[in-house]
Amino acid sequence: MLNTSEYFDGKVKSIGFDSVTIGRASVGVMAEGEYTFGTNQPEEMTVVSGALKVLLPGETEWKWYEAGAVFSVPGQSEFHLQVAEPSSYLCRYL
């Protein structure tokens, strides 16, 4: 039912789950740092707490997303994050 994952030497941790209301998803926490993630399928990311500076595929400018903000990542791509303070997220796999 729950799948745990760690990335970047434990600086990013997530718990994956399946929900009747939102489908397959994960929730996680990121420590301060810079990260690059690859996606197999489209994702919808919601910042739960903190803030993420994001460079999405095809974009040239970084954008800030604070708690409550949502951004989408296309499948078969990668995106870059800068995290200035511990931040949490909800990722829905579309």
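Just above, that's the structure.
Residues numbered from 1 in each chain as written. Predicted model: local features only at pLDDT ≥ 70, side-chain atom pairs only at ≥ 80, totals over all residues. Heavy atoms only, no water.

Participant: I keep staring at the sheet that holds strand 7 (residues 63–66) and nothing clicks. Help me out?
Facilitator: The strands that make up a sheet pair up through hydrogen bonds in the backbone, lying either parallel or antiparallel. Strand order in the open sheet formed by four strands is 4-9-6-7, and the pairing between neighbours is antiparallel. Two strands lie at the open edges of the sheet, namely strand 4 (33–39) and strand 7, each paired on one side alone. Across the sheet, the mean angle separating the axes of adjacent strands is 30 degrees when strand polarity is ignored. In terms of strand pairing, strand 6 (residues 51–55) meets strand 9 (residues 77–83) through three bridges, oriented antiparallel. Across the sheet, residue K53 finds its bridge partner in strand 9, namely Q82. (Pairing = 2+ DSSP bridges. Helix = DSSP H or I, 4+ residues; strand = E, 2+ residues; numbered from the N terminus. Axes fitted to C-alpha atoms, helices over the stretch in contact; angles between N-to-C directions.)

Participant: Which parts of the structure should I look at to understand the layout of surface pockets?
Facilitator: One number sums up the size of the largest pocket: a volume of about 450 Å³. Forming the walls of the largest pocket are 25 residues, and the residues nearest its centre are Y7, S14, S26, E43 and Y93. Contributing elements (two or more residues each) for the lining of the largest pocket: strand 1 (3–7), strand 2 (12–19), strand 3 (23–30), strand 4, strand 5 (43–49), strand 9 and strand 10 (87–93). For the lining of the largest pocket, the leading source of residues is strand 2, giving five residues. (1 Å grid on protein atoms, 1.4 Å probe; cavity = no way out; pocket = protein on both sides within 12 Å on 5 of 7 lines; lining within 4 Å. Points joined across faces, edges and corners; volume = space filled by probe spheres on them.)

Participant: Sorry, what's going on with the side chain of S26 here?
Facilitator: Considering the arrangement of structural elements, one finds S26 in strand 3. On the basis of relative accessibility, which here comes to 3%, the residue S26 falls in the buried class. A polar side-chain atom of S26 sits 3.0 Å from a polar atom in the side chain of Y93. Ignoring sequence-local partners within four residues, the contact set of S26 consists of S14, I15, G16, F17, Y89, L90, C91 and Y93. (Buried < 20%, exposed > 50% of the residue type's maximum accessible area, 1.4 Å probe, protein only. Polar contact = N/O pair within 3.5 Å; in protein donor to acceptor, adjacent residues only side chain to side chain. Contact = heavy atoms within 4.5 Å.)

Participant: How do you make sense of the nonpolar core when you look at a structure like this?
Facilitator: As a rule of thumb, nonpolar side chains are buried together in soluble globular proteins. Ranked by internal contacts, the top residues of the largest apolar core, which has 17 residues, are M30, L52, V54, F71, F79 and L81. The contacts of M30, once residues within four sequence positions are left out, are K11, V12, Y35, F37, L52, L81, V83, E85, P86, S87 and Y89. (Core = buried A, V, L, I, M, F, W, Y, C linked by side-chain atoms within 4.5 Å.)

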